[in-house]
Amino acid sequence: MKKAIVSAVVASSLVACTSVETAVVSGNEIHVQGAEPIAVIQGTALGLTAIFHVIDLVQSDLDTVVNKLLVAEAKAMGGNRVHLLTAGTTPRHGIFALGGLIIGFPVSGAVGVAVK
């Protein structure tokens, strides 16, 4: 039984992941008021929760995608900040908690433009 639990935890940790995609752009193609655009950045995080989204096994929320993925990638590309275009995450409270009855896979995503 212990081996089954350990293998389930290991397999579930392989499912959760993050992804960052970028596209370098020039100021002639994209306009950001008061700043020079460098790239369009998209970040996505797939998490893993248990028991009505109460227990986070692998974190996936707006803090993760905005701060750890978008802002970190913008700074790595030479940008000072991110002009956030859109952000969203799987709701976890109220009636939406039923989606994570035993095991849930919340998805968070954000899109922004890295600017100087």
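Everything below is about the structure shown above.
Residues numbered from 1 in each chain as written. Predicted model: local features only at pLDDT ≥ 70, side-chain atom pairs only at ≥ 80, totals over all residues. Heavy atoms only, no water.

Enquirer: Please clarify how the overall build of the protein chain should be interpreted in this entry.
Expert: In terms of helices and strands, the protein chain carries 2 helices and 7 strands. Looking at the protein chain as a whole, 29% of its 116 residues qualify as buried. Partitioning the intrachain contacts of the protein chain with sequence separation of at least 6 by distance along the chain shows that 72% fall at a separation of at least 24. About 7,100 Å² of surface is accessible on the protein chain, with carbon and sulfur atoms providing 64% of the total. (Helix = DSSP H or I, 4+ residues; strand = E, 2+ residues; numbered from the N terminus. Buried < 20%, exposed > 50% of the residue type's maximum accessible area, 1.4 Å probe, protein only. Contact = heavy atoms within 4.5 Å. Areas by Shrake-Rupley, 256 points an atom, 1.4 Å probe, with all protein chains shown as cover.)

Enquirer: Can you help me understand the pattern of salt bridges in this one?
Expert: Pairs can form between side chains of opposite charge whenever their charged atoms are close. On inspection of all chains with the given rule, the structure shows 1 salt bridge. Between R92 and D56 there is a salt bridge, with its nearest N and O atoms 2.7 Å apart. Linking R92 in the loop between β5 (81-89) and β6 (103-104) with D56 in strand β4 (residues 55-58), this pair joins segments that are 36 residues apart in sequence. Judged by its relative accessible area of 17%, R92 falls in the buried class. (Salt bridge = Lys/Arg side-chain N within 4 Å of Asp/Glu carboxyl O.)

Enquirer: What should I look at first to understand the side chain of T64 in this one?
Expert: In this structure, T64 sits in helix α2 (residues 62-76). What makes T64 buried here is its relative accessible area of 8%. Polar side-chain contacts of T64 include one of 2.8 Å to the side chain of D61. Contacts of T64, omitting those with residues within four sequence positions, involve A45, Q59 and L69. (Polar contact = N/O pair within 3.5 Å; in protein donor to acceptor, adjacent residues only side chain to side chain.)

Enquirer: I keep staring at the sheet that holds strand β7 (residues 107-115) and nothing clicks. Help me out?
Expert: Backbone-to-backbone hydrogen bonds join strands into a sheet, with any given pair of strands oriented parallel or antiparallel. Read from one edge of the open sheet, 4 strands run β1-β2-β7-β5, paired in antiparallel fashion. Looking at strand neighbours, the two that pair on one side only are β1 (17-24) and β5, the edges of this open sheet. In this sheet, adjacent strand axes meet at a mean angle of 15° when their direction is disregarded. Where strand β2 (residues 37-46) meets β7, 9 bridges bridge the pair, whose relative direction is antiparallel. Residue pairing for β7: Q42 is matched across the bridge by V111. Sheet strands in contact with α2 are β1, β2, β5 and β7, and its direction is about 145° off that of β2. (Pairing = 2+ DSSP bridges. Axes fitted to C-alpha atoms, helices over the stretch in contact; angles between N-to-C directions.)

Enquirer: Quick question: what am I supposed to make of the nonpolar core here?
Expert: Looking at soluble globular proteins, one finds that nonpolar side chains tend to be buried together. Core analysis: the largest hydrophobic core is formed by 10 residues, namely I38, A39, I41, A45, V65, L69, L70, A74, A110 and A114. Those elements that provide at least two residues to this core are β2, α2 and β7. Beyond its immediate chain neighbours, meaning those up to four positions away, L70 contacts I41, Q42, G43, V65, V82, L84, A110, V111 and G112. (Core = buried A, V, L, I, M, F, W, Y, C linked by side-chain atoms within 4.5 Å.)

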